[in-house]
Amino acid sequence: MRSRRHFFTSAAAFSAAVAFAAALPAPVHAQADWPQRPVTLIVPFAAGGNTDGIARITAERLSSAFGKSFVIENRPGAGGAIAAELVSKAAPDGHTLFIAALPVMAIVPAVNKVRYDPVKNFEPISNIATNPFVLVVNKDVPVKTLKEFVDYVGARKGQLSYGSAGIGSLNHLSMALFLKKAGLEMTHVPYKGNAPALADVVAGHIPAMFSNFSDALPQAKAGNVRMLALSSDKRNPLAQEVPTVAESGYPDYAVLTWNGLMAPANTPKPIIDKIAAEIAAAVKDEKFAARLSEFGVDPLGNSPAEYKAMLARDVATWAEAVSLAGVKQ
């Protein structure tokens, strides 16, 4: 009996030691030699979408820069939580990276119970690209500025509706957050995606929505909708005439969706910095930036410290938005 008890105690101790060792940073020589083998880039969504496209462009760049293959592995499911949990438990040696998306890191954890902490379980490397939303109205709605929109909606308390890509979607929460800050009431009409919601704004079935900028721009150029204000903290070069919400009277409002590169917590800083430096160089490359722009995003390439601060801020912002919108599990 004693030998069996001793065996199980030893086995448990061995398993605990293995788990502890896996969480430790890689040795100095391994950091210097990184990457020692192909690197896996985990993507939280299926192949074919924006996040996947950004991931593949980034993988090509990093493969070329570091002389090892950066292999895409799509792990869709549970709104991205499956992929995030996988990365959070991976060895922190720089050979498993995560193409993170804002909803996975800031919205899914606020709505659902997940087995990862978006701040504690990851090392932000660099935010590759951002994508703003823009408040649009049907061409026949008699407003041309954000102030006029606020006055128009305020005079029709609870009588007007707005569309979104679905309950808990980024543009749903973006509008909920803005309405709260502006002291307005509108009825939410959820759709199955940004495109059908925007189509109903164009048709005049609903008067307004926060749309993906890349979807709204062609409709605005065609005269079907009017773009009133961008959710980002700066104007977009493709529509310099459109002001931001912040400069239109709401200085603390800034909403962006993004895709960035992260690693498991405790990944050595030299590896993090090495990858971040390459991303920073990549976004300044005209060809790389042009390929990203095809997905309607703005190249960013910020530092690990800047990305970490952005993540913490966004987690707080979207938790507030989820609460305001009454989105529940």
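Residues numbered from 1 in each chain as written. Predicted model: local features only at pLDDT ≥ 70, side-chain atom pairs only at ≥ 80, totals over all residues. Heavy atoms only, no water.

(A) Quick look at the overall build of the protein. Each helix and strand counted, the protein has 12 helices and 10 strands in total. Out of the 329 residues belonging to the protein, those deemed buried represent 48%. Of the contacts made within the protein by residues no fewer than 6 positions apart, 76% connect residues no fewer than 24 positions apart. For the protein, the exposed surface amounts to about 15,400 Å²; the carbon and sulfur share of it is 55%. (Helix = DSSP H or I, 4+ residues; strand = E, 2+ residues; numbered from the N terminus. Buried < 20%, exposed > 50% of the residue type's maximum accessible area, 1.4 Å probe, protein only. Contact = heavy atoms within 4.5 Å. Areas by Shrake-Rupley, 256 points an atom, 1.4 Å probe, with all protein chains shown as cover.)

(B) The arrangement of the pairing of strand β8 (residues 225–230) in detail. Within β8, five of the six residues are buried, which leaves the element mostly enclosed by the surrounding structure. Note: strand β4 (residues 122–138) against β8, five bridges, orientation antiparallel. In the strand pairing of β8, L135 is matched with A229. (Pairing = 2+ DSSP bridges.)

(C) Main features of the pattern of salt bridges. Evaluated as defined, the whole model comprises 14 salt bridges. Across the pair D285 and R61 runs a salt bridge, and its minimum N-O distance is 3.1 Å. One end of the pair, D285, is in the loop between α10 (269–282) and α11 (286–293); the other, R61, is in helix α3 (residues 50–66), with 224 residues separating them in the sequence. Accessibility expressed as a relative area gives 28% for D285, which makes it partly exposed. Note on R61: relative accessible area 22%, which makes it partly exposed. For the salt bridge of E247 with R235, the shortest nitrogen-to-oxygen distance reads 2.9 Å. Of this pair, E247 sits in the loop between β8 and β9 (256–264) while R235 sits in the loop between β8 and β9; the two residues are 12 residues apart in sequence, bridging distant segments of the chain. A relative accessible area of 32% places R235 in the partly exposed class. A cluster of three or more residues bridged by salt bridges with shared partners is formed by R61, E278 and D285. (Salt bridge = Lys/Arg side-chain N within 4 Å of Asp/Glu carboxyl O.)

(D) Just the nonpolar core, in detail. Of all hydrophobic cores here, the largest spans 55 residues; its most connected members are F98, M105, F149, F178, W258, M262 and W318. Not counting residues up to four positions away in its chain, the partners in contact with W258 are A100, A101, L102, M105, N127, A129, T130, Y307, M310, L311 and D314. (Core = buried A, V, L, I, M, F, W, Y, C linked by side-chain atoms within 4.5 Å.)

(E) The arrangement of the environment of E148 in detail. Note on placement: E148 falls in helix α6 (residues 146–154). E148 sits in the partly exposed class, given a relative accessible area of 37%. Considering only alpha carbons, one finds E148 and L228, 80 residues apart in sequence, at a separation of 9.5 Å. Contacts of E148, omitting those with residues within four sequence positions, involve P142 and V143. In this structure the side chain of E148 is engaged in a polar contact, spanning 2.7 Å, whose partner is the backbone nitrogen of K144. (Polar contact = N/O pair within 3.5 Å; in protein donor to acceptor, adjacent residues only side chain to side chain.)

(F) Here's a closer look at helix α5 (residues 102–111). Burial within α5 is extensive, with seven of its 10 residues counted as buried. Along α5, the positions that sit buried rather than exposed are L102, V104, M105, A106, I107, V108 and V111. Buried-residue contacts for α5 involve α4 (81–88), β3 (96–101), β4, α7 (170–182), β9 and α12 (304–325).

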